[in-house]
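Below are the chains, spelled out letter by letter.
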Amino acid sequence: DAKTTQPPSMDCAEGRAANLPCNHSTISGNEYVYWYRQIHSQGPQYIIHGLKNNETNEMASLIITEDRKSSTLILPHATLRDTAVYYCIVRVGGTSYGKLTFGQGTILTVHP
Amino acid sequence: NAGVTQTPKFQVLKTGQSMTLQCAQDMNHEYMSWYRQDPGMGLRLIHYSVGAGITDQGEVPNGYNVSRSTTEDFPLRLLSAAPSQTSVYFCASSYKFGASYEQYFGPGTRLTVT
């Protein structure tokens, strides 16, 4: 699976959009980008995933660059409950099962 | 649905003791797995199962055993606890087929080995 690079921490004001970047410059054609988050002391939670098209669901939007070497997770209106560690994961196949390789992630702190 | 449940929530063991961490899911998921998370680190896969009667090793399997006799349950056994196994353990499950793309994680078991 391709390696990912994320900033260790980011801040965001409540109500503003949070844009979390992820670099995956060695991604191959059959690898998908997944995002999970882990709120303090809880199990990780799936957010969104994509291959090459931009994706949106009720939680977030995922923007993948045309060359697929980087992506951005967007939380459109961040709330205090969005404070968490966000993990960008790249893995083969668009399936749910299989190993998820969690790196260090980005600690997002949402301020009042 | 209760989702993925784990028991106990907290456990303290002495070195050399054995115990079983329980994991159950009520979503009829074929795939189940165990991860451990150490402070400041990401999750590492211990063992996984793609269905009842089928298990395989992840990246850190030493010191742990698993079995999968039913679809619902996937217990993790520590054979002889060591301080290096102090960690938070998460169980996860998902469908193996179909259009669902997420893995569901339990709340975790916090284990301390003294």
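Please refer to the structure higher up on the page.
Residues numbered from 1 in each chain as written. Chains lettered and ligands numbered in written order. Predicted model: local features only at pLDDT ≥ 70, side-chain atom pairs only at ≥ 80, totals over all residues. Heavy atoms only, no water.

Undergrad: Whenever I open this one, the overall build of chain B confuses me. Can you help?
TA: Of regular secondary structure, chain B possesses 0 helices and 11 strands. For chain B, the sequential pattern of α-helices and β-strands runs β-β-β-β-β-β-β-β-β-β-β. Relative to the 2.2 N^0.38 estimate, which gives 13 Å for 114 residues, the radius of gyration of chain B is 13 Å and therefore close to what a compact globule would have. For chain B, the spread of C-alpha atoms along the principal axes amounts to about 45 × 30 × 25 Å. In chain B, buried positions account for 45% of the 114 residues. (Helix = DSSP H or I, 4+ residues; strand = E, 2+ residues; numbered from the N terminus. Rg over C-alpha atoms; globule rule 2.2 N^0.38 Å. Buried < 20%, exposed > 50% of the residue type's maximum accessible area, 1.4 Å probe, protein only.)

Undergrad: What should I look at first to understand the state of the cysteines in this one?
TA: A covalent bond between the sulfur atoms of two cysteines is referred to as a disulfide. All names here are of chain A. Under the definition given, this model contains 2 disulfides over all chains. With a sulfur-sulfur separation of 2.1 Å, Cys 22 is cross-linked through a disulfide to Cys 88. Residues Cys 22 and Cys 88 are joined through a disulfide that is left-handed, its torsion about the S-S bond being -80°. Residue Cys 22 is located in strand β2 (residues 18-23), and its partner Cys 88 is located in strand β8 (residues 84-92); the two are separated by 66 residues in the primary sequence. (Disulfide = S-S within 2.5 Å.)

Undergrad: Which parts of the structure should I look at to understand the sheet that holds strand β3 (residues 31-38) of chain A?
TA: Backbone-to-backbone hydrogen bonds join strands into a sheet, with any given pair of strands oriented parallel or antiparallel. Residues and elements named next belong to chain A. Within the open sheet, the 5 strands sit side by side as β1-β9-β8-β3-β4. Their pairing is mixed. Pairing within the sheet leaves two strands with one partner each, and these edge strands are β1 (9-13) and β4 (45-50). Looking at each pair of strands side by side, their axes are set apart by 25° on average, direction ignored. With 8 bridges connecting them, β3 and β8 associate as antiparallel partners. Bridge assignment links Val 33 to a residue of β8, and that residue is Val 90. (Pairing = 2+ DSSP bridges. Axes fitted to C-alpha atoms, helices over the stretch in contact; angles between N-to-C directions.)

Undergrad: So what exactly am I meant to see when it comes to the environment of Gly50(A) here?
TA: Residue and element names in this part refer to chain A. Structurally, Gly 50 is set in strand β4. Assessed through its relative accessible area of 2%, Gly 50 is described here as buried. C-alpha of Gly 50 to C-alpha of Tyr 32: the two residues are 18 residues apart in sequence and 5.7 Å apart in space. When near neighbours in sequence (up to four residues on either side) are disregarded, Gly 50 contacts Tyr 32, Val 33, Glu 55, Leu 62 and Ile 64. (Contact = heavy atoms within 4.5 Å.)

Undergrad: What's the story with the packing of aromatic side chains in this structure? I'm lost.
TA: Each pair of aromatic rings is reported with the distance of its centres and the angle of its planes. Evaluation of the coordinates by the stated rule reveals 10 aromatic pairs over all chains. An angle of 90° between the planes, with centres 5.1 Å apart, marks the rings of Tyr87(A) and Phe102(A) as edge-to-face. Placement of Tyr87(A) in strand β8 and of Phe102(A) in the loop between β8 and β9 (106-111) is noted, with a sequence separation of 15 residues between them. For Phe102(A), a relative accessible area of 6% corresponds to the buried category. Between Tyr35(B) and Phe105(B) the ring centres are 5.7 Å apart and the planes differ by 40°, which places this aromatic pair in the tilted class. (Phe/Tyr/Trp six-rings, centres within 6.5 Å; stacked < 30°, edge-to-face > 60°.)

Undergrad: Help me understand the pairing of strand β11 (residues 109-113) of chain B in this model?
TA: If a strand is regular, its side chains alternate between the two faces of the sheet. Residues and elements named next belong to chain B. Residue alternation in β11 divides its side chains into a buried set, Thr 109, Leu 111 and Val 113, and an unburied set, Arg 110 and Thr 112. Bridge count between strand β2 (residues 10-13) and β11: 4 bridges; the pairing is parallel. Bridge pairing in β11 links Leu 13 to Val 113. Of the strand pairs in this sheet, strand β9 (residues 87-94) and β11 are connected by 3 bridges, and their pairing is antiparallel. Note that in β11 the partner of Tyr 89 across the bridge is Thr 109.

Undergrad: Hey, could you run me through the sheet that holds strand β8 (residues 76-78) of chain B in this one?
TA: Residues and elements named next belong to chain B. Taken together, 4 strands build an open sheet; the order of strands is β1-β3-β8-β7 and the sheet is antiparallel. A strand with exactly one partner marks an edge of an open sheet, and here the two such strands are β1 (4-7) and β7 (64-66). Mean inter-strand twist for the sheet, computed between neighbouring axes without regard to direction, equals 20°. Note: strand β3 (residues 19-25) against β8, 3 bridges, orientation antiparallel.

Undergrad: Is there a simple way to think about the pattern of salt bridges in this case?
TA: Pairs may arise between side chains of opposite charge once their charged atoms sit close together. Residues and elements named next belong to chain A. Throughout the structure, instances matching the rule amount to 4 salt bridges over all chains. Here Asp 82 and Arg 37 are joined by a salt bridge, their closest N and O atoms 2.8 Å apart. Of the two residues, Asp 82 is situated in the loop between β7 (70-75) and β8 and Arg 37 in strand β3; the sequence distance between them amounts to 45 residues. A single burial state applies to Asp 82 and to Arg 37, both of which are buried. (Salt bridge = Lys/Arg side-chain N within 4 Å of Asp/Glu carboxyl O.)

Function cannot be inferred from these measures alone, as they are strictly geometric.
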